[in-house]
Structures are given as structure tokens and as C-alpha cells.
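# Observations on chain architecture
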Amino acid sequence: MGATRIRPYRAEDREGVRAVCFTTGYMGDPVAWQWRDRESFADLFSGWYTDHAPESALVAVDEDDQVVGYLLGCRDTTQVTLPPRLVAHHLVRRGLLVRPGTAPVVWRTIGDLVVAATRRRLPPSQVVDDRWPAHLHIDLLPAARGDGTGRRLMTRWLDALREEGVAGCHLVTWAENDGAVAFFEAMGFRREGARQPMLGLRSPEGLRHHSQLMVQPLDGPVVS
Ligand SMILES: CC(C)(COP(=O)(O)OP(=O)(O)OC[C@H]1O[C@@H](n2cnc3c(N)ncnc32)[C@H](O)[C@@H]1OP(=O)(O)O)[C@@H](O)C(=O)NCCC(=O)NCCS
């Protein structure tokens, strides 16, 4: 891939962002082997950011101005919502509860939720903490990785937050995604708290995945 540019998100990038989201949805690999529905996946993971916080989104584009990656962010995590109507629309009207490409994950998620509730260990739906009110998601297509694009996206995002006086930033990654954890550590984030079992998703071997909260106060030394 030729030189990758970073620029602010535009409305016409929406499809490209959704495609990257789905193509990288399983720790950087395609998620289709266990969630065969791009529309619901993108609605759940990129839709809020492109539709409600477009001014916070950055894209990485190739020489043809096609999206090859993004950083989707939010300065105030309490603003992010997942409207029940949207979830109901996908689950019921689009049949995710019964389609073979999605139903196993949906039902396993419900099972995991019931077990977690029984043990009084329901995971919080959001991380709300005044020390790191902002959060982000970052994903690049394979051909765009490993040449500093992730670092450039992250530096631009963190610099903007610092300029605006935002206290800190957090993210939630897959604990098993060693490359991502190493990248975030190189970008100044540290692990906060223990990893937590994720709901619904499993590895190809059927093993449980875990999430890991990573945080970065923004009054510390600049990593760039
Ligand atoms: C994680 C990701 C955004 C990093 O972007 P990138 O452009 O590949 O990373 P960079 O080339 O900017 O690397 C910056 C630094 O991070 C570290 N790093 C990046 N990828 C790494 C990896 N796989 N293993 C170890 N360290 C890594 C390196 O220390 C690198 O330092 P250097 O600049 O001294 O070489 C990108 O690889 C990606 O999209 N991966 C798949 C999707 C994903 O896992 N997203 C995160 C989900 S929460």
C-alpha cells in the first residue's frame, strides 16, 4: 500500500468505515465466521461514532482516498447510547435471534448474561470515570498496519484531547489481542484492573475471550 494519509472523517466515508469495522472485527481479523451480518455489527460498533460524533472521527485513507482505517472517538463517554429500538430492530425484525450466522452468539450472550447476573458479576455497559472521560476505537486494514499509521492517528487524537483540556482517555480492548495491547502501551496507555470475561464471543477453539480496560491520564508526559 502506498502512502496513507490521515484526515478528518467526512459523511462519504461512512460505508468505508463500516466495511473496515466488519473486516477487522475479530481482533483485527474478519468477524464473519461468527457474526455473518455486517449491518448490525457496524451499527453496534461504528454507527454511533459516525452518526453522532463525526467531528471526533479520523480516517486513514489510501492514494485513492479510500478508507483503510479509522480512529472513532468520543470526548464524553456518557453521551454514547445504544438505543433499545435499534437493538430490537436487529434482533427481531432482521432475525438475528434465528439466523444461523448470528443466533449462536446472541443466545450465548444471553446465557453469559444470565450466569453473570446470577453471580452478581454483570459487566458495566460503559466505563464512566472522571479521570478518563474520553474513549476511542482504532482499526486498520491489514495492508495499512505496521508503518506508523496507528501512531499518527493516536497522536492526533490525544493531542486534540490535551488541547481541549480533557482529563484522560480510556479504551477497552481484547485481552487476548497481544499486538493491540502492545500498541496501546507504546502509545502511553496502561492496563487498569483485571481482565473481564466477554459476553457471547468465543475463540475458534471455543475458549472464552476477555476484555481489558486501558487508560491514559492526559496531564502526564507526551508520547508521540
Ligand atoms: C493496533 C493497530 C491500530 C496499530 O496500528 P499500526 O499502524 O499497525 O501501528 P504503528 O505502526 O503505528 O506502531 C506504533 C507502535 O506500536 C507498537 N506496535 C504496533 N503493533 C504492534 C504489534 N502487533 N506488536 C507489538 N507492538 C506493536 C510498536 O511498538 C510500534 O512502535 P514503533 O513505532 O517503535 O515501531 C493496527 O495494527 C490494527 O488496526 N490492528 C488490528 C485491529 C486491532 O487490533 N485494533 C485494536 C482493537 S481494540
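So, here is what we can say about the structure in this document. (Residues numbered from 1 in each chain as written. Predicted model: local features only at pLDDT ≥ 70, side-chain atom pairs only at ≥ 80, totals over all residues.)

## Here's the deal with the overall build of the chain
Counting its secondary structure elements, the chain contains six helices and eight strands. Across the chain, helices and strands are ordered from the amino to the carboxyl terminus as β-α-α-β-β-α-α-β-α-β-α-β-β-β. Since a compact globule built from 224 residues should have a radius of gyration of about 17 Å, the 17 Å found for the chain is in line with a globular shape. Overall, the chain is about 45 × 40 × 35 Å in size when its C-alpha atoms are taken along their principal axes. For the chain, buried positions account for 30% of its 224 residues. Put simply, 70% of the contacts in the chain that link residues at least 6 apart link residues at least 24 apart. (Helix = DSSP H or I, 4+ residues; strand = E, 2+ residues; numbered from the N terminus. Rg over C-alpha atoms; globule rule 2.2 N^0.38 Å. Buried ≥ 20, exposed ≤ 12 C-beta atoms within 10 Å, placed from the backbone. Contact = placed C-beta atoms within 7 Å.)

## Section: the site of the ligand
The ligand sits among 20 residues. The nearest are Gly 28, Gly 150, Arg 151, Gly 179 and Ala 182. Listing elements by their share of the shell around the ligand, those giving two or more residues are β4 (134-140), α5 (149-163) and α6 (178-186). Counting residues per element, the shell around the ligand draws most heavily on α6, which supplies five residues. Taken together, the residues that form the shell around the ligand break down as seven nonpolar, nine polar and four charged. (Near = placed C-beta within 6 Å. Nonpolar A, V, L, I, M, F, W, Y, C, P; charged D, E, K, R; others polar.)

## Observations concerning the packing of helix α1 (residues 14-23) against helix α2 (residues 38-52)
Two numbers describe how α1 lies on α2: the axes approach to 9 Å, and their chain directions differ by 120 degrees. Taken together, the axis directions place α1 and α2 in an arrangement best described as oblique. Viewed along their axes, α1 and α2 form a crossing whose handedness is right-handed. From α1, Arg 14, Val 17, Arg 18, Cys 21 and Phe 22 reach across to α2, where they touch Arg 38, Phe 41, Ala 42, Phe 45, Ser 46 and Thr 50. Taken together, the residues that form the contact of α1 with α2 break down as six nonpolar, two polar and three charged. (Axes fitted to C-alpha atoms, helices over the stretch in contact; angles between N-to-C directions. Parallel < 35°, antiparallel > 145°, perpendicular 65-115°, else oblique. Left-handed = near helix turned anticlockwise from the far one by under 90°.)

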